[in-house]
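Overview (structure and organization)
Residues per chain are reported as follows:
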Amino acid sequence: MRELLRSLPALSGTAPAFDAEAVPDDPLELFVDWFTTALSRGVPEPHAATLSTADVAGQPSARVLVLKDVGPEGFAFATDARSAKVEDLEVNPQAALTFWWQPVVRQVRISGAARFLGEEASAEDYLARSPRSRAAAASVRPGRELASVTDLRDAMARSRARIDEDPGFVLPTWQAWLVVPDVIEFWQGSLDRAHARVVYRSCEGGWSRGLVWP
Ligand SMILES: Cc1cc2nc3c(=O)[nH]c(=O)nc-3n(C[C@H](O)[C@H](O)[C@H](O)COP(=O)(O)O)c2cc1C
């Protein structure tokens with residue numbers, strides 16, 4: 001593996017033109033610009049991000065999920081209240097979201113406190129999902145031991161029947177969350193390693209920003 005890993009290229013995408021010294025005041029504007037560029041340049045599933053959390057002992061944990069919304073308030077995702085990530089966030093709301101868009105050699109790092117968006121937003125998110133994904137969410141017990149794959153398939157079939165019968169059913173454990181950013185970093189890789197890093201920090205009345213060394 002050592003030889004194989006060392007033979008693999010990194011930063012092999014094509015970075016779009018980017019002037020790190022001419023960025024907008026609002027990081028959200030830059031995020032939307034980078035996101036839409038990623039999409040138009042064929043980045044697969046650019047809305048997938050790694051959410052990092054830590055438990056009460058500081059033990060970190062990270063997993064991929066999809067971004068559900070983004071706006072001046074923050075970055076929204078949805079998940080099950082019984083999941084490990086929610087257990088973490090309930091004792092330690094500090095979280096990070098990391099996007100890696102390989103074809104454009106861009107990474108976006110967001111960190112801040114996460115907060116539950118409430119029952120209405122959670123129900124709205126749940127009902128916006130396809131019947132199949134509502135059934136899947138309704139049949140699982142996140143992280144609990146599963147005796148067999150058949151048990152999972154059977155539970156999904158039962159949930160699907162229930163949802164087809166009652167399309168207004170809302171899974172009570174489904175939750176929408178928001179990461180409220182304190183820091184947002186835009187990173188663009190370069191083959192000569194002169195990577196661009198622009199870091200925005202939230203401050204009284206808006207955002208401060210600056211370049212940092214790679
Ligand atoms: C591309 C992709 C998208 C995913 N989207 C979500 C999501 O939106 N919400 C979610 O709870 N889990 C999502 N998952 C599953 C999570 O990675 C994870 O397995 C699950 O949420 C349990 O994580 P936890 O036990 O650390 O809480 C996704 C996984 C992948 C690979």
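This structure is a prediction, so every number in the text was calculated from the model and none was measured. (Residues numbered from 1 in each chain as written. Predicted model: local features only at pLDDT ≥ 70, side-chain atom pairs only at ≥ 80, totals over all residues. Heavy atoms only, no water.)

**What about the environment of Leu117?**
When you line up the elements, Leu117 lands in the loop between strand S6 (106–116) and helix H4 (119–128). The sequence separation of Leu117 and Ala78 amounts to 39 residues, and the corresponding C-alpha distance is 9.5 Å. (Helix = DSSP H or I, 4+ residues; strand = E, 2+ residues; numbered from the N terminus.)

**Concerning the UniProt feature "domain: Pyridoxine 5'-phosphate oxidase dimerisation C-terminal" (unreviewed entry) in the chain**
Feature annotation in UniProt places "domain: Pyridoxine 5'-phosphate oxidase dimerisation C-terminal" (unreviewed entry) on residues 174–214, given in this structure's numbering. Secondary structure over residues 174–214 splits into 0% helix and 71% strand, and the C-alpha atoms at its two ends are 39 Å apart. (UniProt positions renumbered as here; feature names shortened; annotations may be inferred.)

**Quick word on the site of the ligand**
Neighbouring the ligand are Glu45, Arg63, Val64, Leu65, Val66, Ala78, Thr79, Ser83, Ala84 and Lys85. Within the contact set of the ligand, an oxygen atom lies 3.3 Å away from a backbone nitrogen or oxygen of Val66. Protein contact buries 59% of the 620 Å² of open area that the ligand shows by itself. Contributing elements (two or more residues each) for the shell around the ligand: strand S2 (60–66), strand S4 (74–80) and helix H3 (84–91). Sorting elements by how many residues they give to the shell around the ligand places S2 first, with 4 residues. (Near = heavy atom within 4 Å. Polar contact = N/O pair within 3.5 Å; in protein donor to acceptor, adjacent residues only side chain to side chain. Areas by Shrake-Rupley, 256 points an atom, 1.4 Å probe, with all protein chains shown as cover.)

**A short note on the pattern of salt bridges**
Evaluation of the coordinates by the stated rule reveals 8 salt bridges. Of the charged contacts in the structure, one is a salt bridge between Glu73 and Arg115, with a shortest N-O distance of 3.2 Å. Of this pair, Glu73 sits in the loop between strand S3 (69–71) and S4 while Arg115 sits in strand S6, and the two are 42 residues apart along the sequence. Several salt bridges converge on common partners, so that one network encompasses Arg109, Glu185 and Arg197. (Salt bridge = Lys/Arg side-chain N within 4 Å of Asp/Glu carboxyl O.)

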